[in-house]
Amino acid sequence: MAKIGINIATGSLQQSEMIVGIDLGTTHSLVAILHPDGKKPVALKEHDASSLVPSIVYFDPQGMPVVGEAAKQMMELQPERTIFSAKRLMGKSYKDVQDHADFFSYKVIDDDTESLVKVQVDDRFYSPVELSSYILKELKTRAEHILKTPVTKAVITVPAYFNDTQRQATRDAGKLAGLDVLRIVNEPTAASLAYGIGLDQEVEKTIAVYDLGGGTFDISILRIHQGVFDVLSTHGNTYLGGDDFDRAIMNYWLEQGGISREELKQHPNLVQSLRLLAEKAKKTLSSEDVFETEWNGDSLRITKATFEGLVKGLIDQTLESCRMAVKDAGVQVGDIDEVVMVGGSTRVPAVKQAVSAFFGKSVHDEVNPDEVVALGAAIQADILAGNNKDTLLLDITPLSLGIETMGGLMDVLIPRNSKVPTKAGRQYTTQKDGQSGIRISVFQGERDMVKDNRKLGEFNLTGIPAMPAGLPKVDIQFLINADGILSVSAKELRSGVSQSIEIQPQYGLTDSQVEQMLMDSIQHAKTDIALRALVEARTEGEQILEMTERFIAKNPTLLSGDELKLTADAMQALQLALTMEDKNLIQNKVEALNEVTRPFAERAMDQAVGQALKGKTLDHSV
Ligand code: ADP
Ligand code: MG
């Protein structure tokens with residue numbers, strides 16, 4: 001981490017340092033700073049140009065990237081070399097995005113479905129990280145031009161549901177662009193800051209931040225007290241946004257005109273021009289009742305009422321997320337004091353009305369919804385610079401994090417909706433005598449069996465000195481830093497051997513997958529609990545069988561022939577029970593075996609104590 005020059009006396013950042021706030025959006029990106037005089041956040045723009053830079057990269061035939069408005073102009077002319085919505089690809093594999101492949105008019109590489117996705121233009125391949133870095137580099141250059149000072153430090157925002165891979169990818173993109181990314185901040189957290197809510201220490205409030213952008217939807221419930229922003233819960237969908245509204249209009253026009261998607265596919269630039277017209281129609285319908293235009297010799301028309309009908313389902317989906325977020329936050333809709341609207345798509349009156357009706361109050365839309373996230377990032381940058389020590393920021397984990405234990409059970413270390421940064425630790429031990437290694441598999445999700453959750457990574461703790469089963473103390477620590485990156489470490493406390501990883505999962509989860517995982521956990525809660533009980537009973541049964549076997553092998557003379565027979569019968573009964581799905585039966589047979597072996601154990605104990613008294617060492621493996 002880079003050192004920041006801080007004035008020790010005042011706690012403020014040295015004059016020459018400038019930390020900017022960047023909203024790296026799916027559709028638009030922009031830079032904001034806290035104005036040094038008025039202490040108000042401002043979005044940077046040149047003269048009367050827009051502050052919004054289209055998040056679009058065009059590659060000219062020489063492979064030189066062109067970013068922003070100029071690139072947007074090329075979408076119709078050269079769709080195959082004009083990359084939009086690259087943020088949707090961040091940290092994703094082709095498998096993750098293939099359902100949406102239609103959406104991309106450029107070539108998304110699909111040869112290896114498991115690895116991270118790349119985009120092909122001519123004979124060059126670009127990762128989403130590189131594509132994002134071109135956008136960031138453009139923003140950096142613009143900011144330097146406007147501010148007339150070098151810009152090297154930034155706070156960059158990401159959707160609340162971005163996972164570790166996606167956050168890391170965003171960080172990497174910043175690095176590639178020559179930016180030191182001091183903090184990755186959740187967009188809704190930044191937006192709430194931009195509204196200044198919570199800056200007054202006296203005010204205690206519960207806030208809902210509804211962010212509907214071009215490609216992503218996020219709802220966050222924040223609790224603000226004593227200047228602390230506490231994110232109670234988040235929900236969302238990285239595949240829901242204004243782009244989908246555009247597609248709904250496109251499809252409507254295609255149906256109306258009797259044009260098939262297949263036909264249209266032959267003409268990529270027609271697709272693009274239709275897409276842009278659809279967006280134009282949508283924006284027009286935010287303030288007018290009808291939109292009419294000419295396209296490819298046809299006249300296109302759509303009314304506001306028709307449009308609202310087309311997107312009603314999409315808006316309802318966002319309300320469903322709101323419902324879940326409110327529930328997860330442990331509050332009632334009536335407890336929400338303020339509702340903050342974020343993202344260009346919240347300009348659609350039907351969206352505002354639906355959200356307002358859902359929460360039963362009028363919504364905040366005073367701050368420009370396209371700029372509000374960047375403005376908040378600038379405030380966060382100022383806080384990081386040490387200029388605003390009264391404000392803390394807390395983010396949360398969207399899914400529980402844990403490790404696999406005996407029988408494939410999920411052992412949660414950090415529960416879902418925990419505040420970030422956070423850490424948690426627990427001690428585990430070995431199953432087998434002399435076991436020199438333990439595999440630590442890290443999972444994310446809400447189900448009781450790890451097979452139903454998502455594996456984030458695994459590593460081996462090796463070199464544990466030979467010890468009897470149960471004796472090693474393996475301390476596992478989970479640490480989530482302020483950026484939401486998880487590191488997992490394991491240390492055997494008796495020997496001191498240790499090992500750790502930083503989790504960079506192969507590819508990410510979409511928000512709908514996160515939601516699906518949550519829904520699944522609710523739906524399967526009953527069977528999961530039953531299954532956990534069964535697995536626990538089985539594990540206990542197996543352990544007792546193993547212990548008994550070992551005991552008999554080590555103490556052949558301790559049992560009479562009759563006792564051996566009794567024990568063997570009880571063991572066989574337990575073994576049979578283990579093959580069945582009956583927890584109670586297993587527990588009965590465990591109890592029965594215990595009943596039979598208890599006297600031997602006591603006898604062995606007496607003998608061992610006797611031996612110890614005679615000065616002999618105990619055999620710990622018994
Ligand atoms: P992102 O954060 O995903 O980059 P933005 O917050 O910039 O997204 O929102 C972009 C979306 O907002 C686009 O789908 C754009 O068409 C839509 N949008 C912008 N202005 C309007 C408007 N007046 N009416 C409806 N939608 C709008
Ligand atoms: Mg946005």
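Residues numbered from 1 in each chain as written. Chains lettered and ligands numbered in written order. Predicted model: local features only at pLDDT ≥ 70, side-chain atom pairs only at ≥ 80, totals over all residues. Heavy atoms only, no water.

1. Some details on the overall build of the chain
Applicable threshold: A run of H or I in DSSP becomes a helix once it reaches four residues, and a run of E becomes a strand once it reaches two; helices and strands are each numbered from the N terminus. Only protein chains enter the area calculation, which uses a 1.4 Å probe; residues under 20% of their type maximum are buried, those over 50% are exposed, and those in between are partly exposed. Contacts are residue-level and defined by heavy atoms, with any inter-residue pair within 4.5 Å sufficient. Here, Shrake-Rupley sampling with a 1.4 Å probe gives the accessible areas, and only protein chains in the shown set may cover a residue.
Along the chain, the regular secondary structure elements total 15 helices and 28 strands. With 622 residues in all, the chain has 52% of them scored as buried. Put simply, 65% of the contacts in the chain that link residues at least 6 apart link residues at least 24 apart. Counting every atom, the chain has about 28100 Å² of accessible surface; 51% of that belongs to carbon and sulfur.

2. Quick word on the confidence of the model for the chain
We count it as follows: Each residue carries a pLDDT score, the predictor's confidence in it, ranging from 0 to 100.
Summary statistics for the chain give a mean pLDDT of 84 and a share of 88% for residues scoring 70 or more. Predicted confidence for residues 1-16 stays below pLDDT 50, and this span has 26 contacts to residues more than four positions away or in other chains. The model gives residues 389-393 a pLDDT under 50, and that stretch makes 16 contacts with residues more than four places away or in other chains.

3. Some words on the layout of surface pockets
Filter applied, for reference: The distinction between a cavity and a pocket rests on a 1 Å grid over the protein atoms alone: a 1.4 Å probe fits inside a cavity but cannot get out, while a pocket stays open yet meets protein on both sides within 12 Å along at least five of seven lines, and a residue with an atom within 4 Å of a point counts as lining. Grid points are joined across faces, edges and corners, and a volume is the space filled by probe spheres set on the points. Side-chain classes are defined by residue name, with Ala, Val, Leu, Ile, Met, Phe, Trp, Tyr, Cys and Pro counting as nonpolar, Asp, Glu, Lys and Arg as charged, and the others, Gly among them, as polar. Where each domain starts and ends comes from a domain assignment, either automatic or drawn from a database.
Here the second largest pocket defines a volume of roughly 650 Å³. What lines the second largest pocket is a set of 38 residues, and nearest its centre among them are Thr27, His28, Gly213, Gly214 and Gly344. Those elements that provide at least two residues to the lining of the second largest pocket are strand E2 (28-34), helix H1 (69-77), helix H6 (242-257) and helix H8 (268-285). If one sorts the elements of the lining of the second largest pocket by residue count, H8 sits on top with 4 residues. Of the residues that constitute the lining of the second largest pocket, the class distribution is 10 nonpolar, 15 polar and 13 charged. When residues of the lining of the second largest pocket are assigned to domains, at least three map to each of domain 1 (19-195 + 368-384) and domain 2 (200-366).

4. As for the site of ligand 1
Spelled out, the test is: Note on definitions. A residue lies near a molecule or strand when any single heavy atom of the residue is within 4 Å of it. Polar contacts here mean pairs of N or O atoms no more than 3.5 Å apart (in protein, one a potential hydrogen donor and the other a potential acceptor; neighbouring residues in sequence count only if both atoms are side-chain atoms). For a cavity or pocket, the test is whether more than half of a molecule's atoms lie within 2 Å of its grid points; if they do, the molecule sits there.
Near ligand 1 you find 18 residues, and of these Thr27, Gly214, Glu279, Lys282 and Ser286 are the closest. The contact in question runs from an oxygen atom of ligand 1 to an N or O atom on the side chain of glutamate 279, over 2.6 Å. Here ligand 1 loses 92% of its free accessible area of 580 Å² to cover by the protein chains. Spatially, ligand 1 is embedded in the second largest pocket. Contributions of two or more residues to the shell around ligand 1 are made by H6 and H8. With 3 residues, the single largest contributor to the shell around ligand 1 is H8. Both of domain 1 (19-195 + 368-384) and domain 2 (200-366) provide at least three residues apiece to the shell around ligand 1.

5. Points about the sheet that holds strand E25 (residues 454-461)
For clarity, the threshold we go by: Think of it this way: DSSP has to see at least two bridges between two strands before they count as a pair. In this analysis an axis means a line fitted to C-alpha atoms, helices contributing only their contacting stretch, and an angle means the value between N-to-C directions, from 0 to 180 degrees.
A sheet is described by the order of its strands in space; here 4 strands give the open sequence E21-E20-E24-E25, paired in antiparallel fashion. Lying at the two open borders of the sheet, with one neighbouring strand each, are strand E21 (409-414) and E25. Each strand axis lies, on average, 30° off the axis of its neighbour in the sheet, ignoring direction. Of the pairings in the sheet, the one linking strand E20 (residues 401-405) to strand E24 (residues 438-444) comprises 3 bridges and is antiparallel in character. Within the sheet, the bridge partner assigned to glycine 402 lies in E24 and is phenylalanine 443.

6. As for the sheet that holds strand E28 (residues 498-502)
Taking strand neighbours across the sheet as the criterion, the 4 strands line up as E23-E26-E27-E28 in an open arrangement whose pairing is antiparallel. Edge positions in the sheet fall to strand E23 (422-428) and E28, since each has one partner strand and no second. When strand polarity is set aside, the average angle formed by the axes of neighbouring strands in this sheet is 15°. In this sheet, E28 lies alongside strand E27 (residues 486-492) in antiparallel orientation, the contact comprising 5 bridges.

7. Quick notes on the nonpolar core
The criterion, for reference: We define the nonpolar core as a collection of buried residues of types Ala, Val, Leu, Ile, Met, Phe, Trp, Tyr and Cys that are connected through side-chain atoms lying within 4.5 Å of one another.
Within the largest apolar cluster, 49 residues are counted, with the highest numbers of intra-cluster contacts made by Ile22, Phe59, Ile83, Val97, Tyr106, Leu136 and Ile156. If one sorts the elements of this core by residue count, helix H3 (residues 128-147) sits on top with 7 residues. Residues in contact with isoleucine 22, not counting those within four places in the same chain, are Leu30, Val31, Leu136, Leu139, Ala154, Val155, Ile156, Thr157, Leu179 and Ala377. If you look at the next biggest cluster of nonpolar residues, it comprises 44 residues, including Tyr252, Trp253, Leu314 and Ile336.

8. Some thoughts on the pattern of salt bridges
Let me state the cut-off plainly: Whenever Lys or Arg places a side-chain nitrogen within 4 Å of a carboxyl oxygen from Asp or Glu, that contact is recorded as a salt bridge.
Enumeration according to the criterion identifies 28 salt bridges in this entry. We note a salt bridge from aspartate 365 to lysine 352, for which the minimum N-O separation is 2.8 Å. Linking aspartate 365 in the loop between helix H10 (349-359) and helix H11 (372-384) with lysine 352 in helix H10, this pair joins segments that are 13 residues apart in sequence. A relative accessible area of 34% places aspartate 365 in the partly exposed class. Linking aspartate 452 and arginine 447 is a salt bridge whose minimum nitrogen-to-oxygen distance equals 3.3 Å. A residue is classified by how much of its surface remains accessible, and arginine 447, at 11% relative accessible area, is buried. Three or more residues are tied together by salt bridges with common partners; here these are Arg439, Lys455 and Glu458.

9. Focus on the packing of aromatic side chains
Quick reminder of the rule: Only Phe, Tyr and Trp rings take part, Trp by its six-membered ring, and two of them pair if their centres are within 6.5 Å. Stacked means planes under 30 degrees apart, edge-to-face means over 60, and tilted covers everything else. The criterion for a charge sitting over a ring is simple: Lys NZ or Arg CZ within 6 Å of the ring centre, and within 35 degrees of the ring normal.
Taken as a whole, this structure holds 9 aromatic pairs when the rule is applied. With centroids separated by 5.7 Å and ring planes inclined at 75°, the aromatic side chains of phenylalanine 59 and tyrosine 134 adopt a geometry described as edge-to-face. With a gap of 75 residues between them, phenylalanine 59 in strand E5 (residues 57-59) and tyrosine 134 in helix H3 connect regions that are remote in the sequence. Overall, phenylalanine 59 belongs to the buried group, its relative accessible area being 0%. Between the aromatic rings of tyrosine 126 and tyrosine 134, the centroid separation amounts to 6.4 Å while the plane-to-plane angle is 70°, which identifies the pairing as edge-to-face. By the burial criterion, tyrosine 126 is buried, and tyrosine 134 matches it. The side chain of lysine 87 reaches across the aromatic face of phenylalanine 162, ending 6.0 Å from its centre. Across from the ring centre of phenylalanine 84, 4.5 Å away, lies the NZ or CZ of arginine 275, which sits over that ring.

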